[in-house]
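Listed here are the chains, written in short residue letters.
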Amino acid sequence: MPDRITLVTALQGAGWHPAAWRTAGPTAQRLTSLRHWRDVVVEQDRLGVDAVTIEDSFTAGPVDHAGELDTSTVVGRLDALLVANAVAPATRAIGLVPTVSVTHTEPFHVATGLQTLDHVSLGRAGWRIQVSPTAREAALFGRRPGGDDASVLFDEAREVAEVVSRLWDSWDDDAIIRDVTTGRFIDRDRIHNAEFQGAFVSVHGASIVPRSPQGRPPVFSLAHRADAAAFAVDAADVVLVTPGYGGLGPRQPVPDRRGAAGGPSWWGEARVVLSEVRDAEQAAGSDVRRPVLADLAVLIGSSPAAAADALAALDAASGTPYASASDTSVLATTVPELVSLIAELRDLGFAGVRLRPLRIPLDSTAIARELVPALVTAGLRADVASRPTADLRTRLGIAPAVSRYATSTQGVSA
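Residues numbered from 1 in each chain as written. Predicted model: local features only at pLDDT ≥ 70, side-chain atom pairs only at ≥ 80, totals over all residues. Heavy atoms only, no water.

### Overview of the packing of aromatic side chains
Here is step 1: Applying the stated criterion to the full structure yields four aromatic pairs.
Here is step 2: Judged by centre distance (4.9 Å) and plane angle (70°), the rings of Phe 58 and Phe 141 are edge-to-face. With Phe 58 in the loop between strand S2 (51–54) and helix H2 (80–87) and Phe 141 in the loop between helix H4 (135–139) and helix H5 (150–169), this pair connects stretches of sequence that are 83 residues apart.
Here is step 3: A relative accessible area of 24% places Phe 58 in the partly exposed class.
Here is step 4: On the basis of an interplanar angle of 25° and a centroid distance of 5.2 Å, the ring pair of Phe 154 and Phe 231 is categorised as stacked. In this pair, Phe 154 sits in helix H5 while Phe 231 sits in helix H6 (residues 226–235), placing the two residues 77 residues apart along the sequence. (Phe/Tyr/Trp six-rings, centres within 6.5 Å; stacked < 30°, edge-to-face > 60°. Helix = DSSP H or I, 4+ residues; strand = E, 2+ residues; numbered from the N terminus. Buried < 20%, exposed > 50% of the residue type's maximum accessible area, 1.4 Å probe, protein only.)

This is the structure:
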């Protein structure tokens with residue numbers, strides 16, 4: 001079935017490897033410039049990647065064991081939601097999925113910011129929902145001590161996601177009537193109160209932003225453990241999982257079906273994490289099978305040996321193997337190996353992959369210029385020229401969002 005593999009590129013600074021900035025050349029000097037982000041995202045868009053996620057956090061960068069900023073890697077970042085809005089006019093078809101935390105951010109601001117992005121991008125906005133668990137992040141706001149238990153953070157995030165969804169639905173598609181004769185710009189009866197009273201969040205009123213092209217931008221959530229999977233089923237449309245987390249060495253470019261030393265294979269672990277999502281859907285009584293994407297960190301070389309050597313050089317520069325600190329499998333690989341891996345993940349039931357390029361622009365460029373056409377050749381995707389521009393929900397194969405306030409005569413949102 002061609003064109004069924006979803007391909008997402010995860011963008012972060014000079015790349016996901018802590019030492020990537022040392023090999024980025026002039027790019028490392030432009031990480032806080034609009035030009036850098038526009039160039040990278042436009043390349044992904046032009047060559048047919050489905051979406052980019054843009055990382056964000058309330059910390060300026062990673063911290064060391066003492067809790068201080070690790071000055072050996074990139075420190076400083078731009079706001080992901082603002083970056084997405086800034087690059088949107090320069091792109092045509094790609095989904096723009098900024099990371100927006102809900103732990104210290106008001107649901108109203110989350111909702112209106114993402115609605116604005118959906119309008120600016122003409123229906124290509126998404127949201128990677130995230131919690132912020134550390135005391136360091138909490139100290140920036142001063143409203144709570146931080147260091148909350150994960151279950152508390154996820155419960156709060158569930159409420160925020162619900163409120164955001166209600167605010168997105170609060171305007172009907174046809175609320176703006178522009179009736180010059182009566183002098184009414186809107187029909188007040190078509191704007192609804194997003195009434196919600198929870199343990200963490202209380203909201204009364206409607207969004208200030210008219211309903212956006214998608215109605216509800218698709219929500220992405222990383223489910224790298226069981227409680228996160230349960231949260232993703234409750235709050236997200238697309239689930240990101242990390243197969244082989246902790247079990248794949250950096251010099252094993254393509255997972256081995258046999259496993260190591262008689263243990264479970266990487267492929268067996270991939271089945272397990274996919275099953276966790278399906279089990280969580282069943283436990284929640286959900287009849288929706290969400291697209292599940294395998295989340296992988298990649299360094300792409302001209303040969304397996306070249307890729308392994310490049311990763312080893314980065315690890316030596318940082319002083320620590322990145323595989324030991326990453327929350328997902330780290331693959332030093334080639335384009336043909338990556339195509340084979342993606343094909344087999346699809347056979348297991350994955351909808352596609354989110355790839356974290358260890359080096360930007362080297363690996364992000366390889367994804368766009370080399371991997372995309374290789375997937376087309378392998379019959380896993382249709383040529384970008386034959387794919388019509390669509391909103392992000394459609395591109396991901398997600399059903400249109402029906403407003404909770406919609407009547408039988410209003411239909412569904414586009």
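Following the structure, the description resumes.
### Regarding the pairing of strand S9 (residues 219–222)
Here is step 1: Here S9 shows no split at all, with Val 219 and Ser 221 on one side and Phe 220 and Leu 222 on the other all buried.
Here is step 2: The pairing of S9 with strand S10 (residues 238–241) spans three bridges and is classified as parallel. Paired with Ser 221 across the bridge in S10 is Val 239.
Here is step 3: Traced from S9 through H6 to S10, the parallel crossover comes out right-handed. (Pairing = 2+ DSSP bridges. Right-handed = clockwise from strand over helix to strand, strands pointing away.)

### Section: the confidence of the model for the protein
Here is step 1: When pLDDT is averaged along the protein, the result is 89; 91% of the residues meet or exceed 70.
Here is step 2: Predicted confidence is poor over residues 246–253, with pLDDT under 50, and the contacts of this stretch with residues over four places away or in other chains come to 18 contacts.
Here is step 3: When the criterion is pLDDT under 50, residues 257–263 qualifies, and its contacts beyond four places in sequence or with other chains add up to eight contacts. (pLDDT = per-residue confidence, 0-100. Contact = heavy atoms within 4.5 Å.)

### A look at the side chain of Arg 290
Here is step 1: Position of Arg 290 among the secondary structure elements: in the loop between helix H7 (266–283) and strand S11 (292–300).
Here is step 2: Overall, Arg 290 belongs to the buried group, its relative accessible area being 10%.
Here is step 3: Side chain to side chain, Arg 290 and Ser 286 meet in a polar contact 3.1 Å long.
Here is step 4: Beyond its immediate stretch of four places on either side in the chain, Arg 290 contacts Ala 232, Val 233, Ala 236, Asp 237, Val 239, Arg 278 and Glu 281. (Polar contact = N/O pair within 3.5 Å; in protein donor to acceptor, adjacent residues only side chain to side chain.)

### Some thoughts on the pattern of salt bridges
Note on pairing: side chains with opposite charge can pair once their charged atoms come close.
Here is step 1: Per the counting criterion, the structure on display carries 25 salt bridges.
Here is step 2: A salt bridge links Asp 169 to Arg 216; the nearest nitrogen and oxygen atoms lie 2.7 Å apart. Of this pair, Asp 169 sits in helix H5 while Arg 216 sits in the loop between strand S8 (202–203) and S9, and the two are 47 residues apart along the sequence.
Here is step 3: The exposure class of Asp 169 is buried, given its relative accessible area of 0%.
Here is step 4: The salt bridge involving Arg 211 is made with Asp 173; its shortest N-O contact spans 2.9 Å. In this pair, Arg 211 sits in the loop between S8 and S9 while Asp 173 sits in the loop between H5 and strand S5 (176–179), placing the two residues 38 residues apart along the sequence.
Here is step 5: On the accessibility criterion, Arg 211 (8% relative accessible area) is buried. (Salt bridge = Lys/Arg side-chain N within 4 Å of Asp/Glu carboxyl O.)

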